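Each chain, written out:
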Amino acid sequence: MLKEYRDSEEQFDRDQLTDGFTPLSGSNFHRPAHHRLRTLVQSNVFWDAYQVALSFHHSANAVIVKEIPHAIRAKLSGGVDAPHSEIVSRAYDELAKLHRESERFAPLLSALQAIASELEQENLSFKQVRTFHKRKVAVDAVKDLNTAFAKDFEKHEPAP
C-alpha cells in the first residue's frame, strides 16, 4: 500500500486505506504450547520472552495497520500539509525502525528452533521428558533467553 501511494499519489486507490496493511494475528502463539515448553525446560523464560514479543507485535502492528494509513488518509483528504514525499519517507523510516527493532526477537526463535531440533532427534519416554530440562540444549536456551531479554525481565524475577 505504501509503495503504491509513494509511486502514484494521484492514482492511489483510496479504498486501500479502509484495510490498511494486513494485520498480524497474535493468535499464532498458543498458550498450551507454552505450557508444554515450560514443562520440558522447567522455566517460564519462553513465556516471558513471548510476552515481550507479543507486546512489541501489538505496538508495531498498530503503527503499521492504523497510524501509517491514517497519515496517508489525512494527507489525501487535505488535513495534512506535509509534502507527499515527506509522508512516504517518514512511513518508510518508521517501518525500517520497526524492522530493526524486531530483530531483537531472533534469540527467541533460535531457542525455539534448538529445542524443536532436539525433540525431533528421538521419541522421548516420560522419564526423558521429566529430565529434558537438564539437557544442554534446554539449559543453553534458558540461559540465552534470560541474557537476551535481561532488561525486559528486570521488572520481575528472572525466569529460573
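Keep in mind the model is a prediction, meaning the values are calculated, not measured.

**Student:** Account for the overall build of the chain, naming residues and giving values.
**Tutor:** Counting its secondary structure elements, the chain contains nine helices and zero strands. Reading the chain from its N end, one meets helices and strands in the order α-α-α-α-α-α-α-α-α. A sequence separation of at least 24 residues applies to 70% of the contacts in the chain between residues at least 6 apart. Working note: accessible area of the chain is about 10,400 Å², and carbon and sulfur atoms make up 53% of it.

**Student:** Pulling in residues and values, what's your account of the environment of Arg90?
**Tutor:** The residue Arg90 is located in helix H5 (residues 84-102) in this model. By relative accessible area, Arg90 is classed as exposed at 58%. The spacing of Arg90 and Ile68 is 22 residues in sequence and 9.1 Å in space, taken between C-alpha atoms.

**Student:** Describe the layout of surface pockets, naming the residues involved and giving the relevant values.
**Tutor:** If you add up the space inside the second largest pocket, you get close to 190 Å³. Residue lining of the second largest pocket: Val63, Glu67, Ile68, Ala71, Val80, Ala82, Glu86, Ile87, Arg90, Ala91 and Glu94, and that is the complete set. Only helix H4 (45-76) and H5 provide two or more residues apiece to the lining of the second largest pocket. Considering each element in turn, the lining of the second largest pocket owes the most residues, five residues, to H5. Its residues assigned to classes, the lining of the second largest pocket shows seven nonpolar, no polar and four charged.

**Student:** Could you give me a rundown of the packing of H4 against H5, with the residues and numbers involved?
**Tutor:** Axes are the key here: two packed helices are described by the angle between their axes and the distance separating the axes. With their axes 11 Å apart at the nearest point, H4 and H5 run at an angle of 175 degrees to one another. As summarised for this structure, H4 and H5 are arranged roughly antiparallel, according to the angle between their axes. Together, Phe56, Ala60, Val63, Ile64, Ile68, Ile72 and Lys75 of H4 and His84, Ile87, Ala91, Glu94, Leu95, Leu98, Glu101 and Ser102 of H5 make up the contact between the two elements.

**Student:** I'd like a rundown of unusual backbone geometry, residues and numbers included.
**Tutor:** With a phi close to 55 degrees, Gln42 is a non-glycine residue in the positive phi region. Within the element layout of this structure, Gln42 appears in the loop between helix H3 (31-41) and H4.

**Student:** Can you lay out the pattern of salt bridges for me, pointing to particular residues and giving the numbers?
**Tutor:** Across all of its chains, the model carries seven salt bridges by this definition. Notably, a salt bridge pairs Glu86 with Arg90, separated by 3.0 Å at the nearest N-O pair. Residue Glu86 and its partner Arg90 are located together in helix H5, separated by four residues, close to a single helical turn. Of the residues examined, Glu86 reaches a relative accessible area of 29% and is grouped as partly exposed.

Calculation rules
Residues numbered from 1 in each chain as written. Predicted model: local features only at pLDDT ≥ 70, side-chain atom pairs only at ≥ 80, totals over all residues. Heavy atoms only, no water. Helix = DSSP H or I, 4+ residues; strand = E, 2+ residues; numbered from the N terminus. Contact = heavy atoms within 4.5 Å. Areas by Shrake-Rupley, 256 points an atom, 1.4 Å probe, with all protein chains shown as cover. Buried < 20%, exposed > 50% of the residue type's maximum accessible area, 1.4 Å probe, protein only. 1 Å grid on protein atoms, 1.4 Å probe; cavity = no way out; pocket = protein on both sides within 12 Å on 5 of 7 lines; lining within 4 Å. Points joined across faces, edges and corners; volume = space filled by probe spheres on them. Nonpolar A, V, L, I, M, F, W, Y, C, P; charged D, E, K, R; others polar. Axes fitted to C-alpha atoms, helices over the stretch in contact; angles between N-to-C directions. Parallel < 35°, antiparallel > 145°, perpendicular 65-115°, else oblique. Salt bridge = Lys/Arg side-chain N within 4 Å of Asp/Glu carboxyl O.

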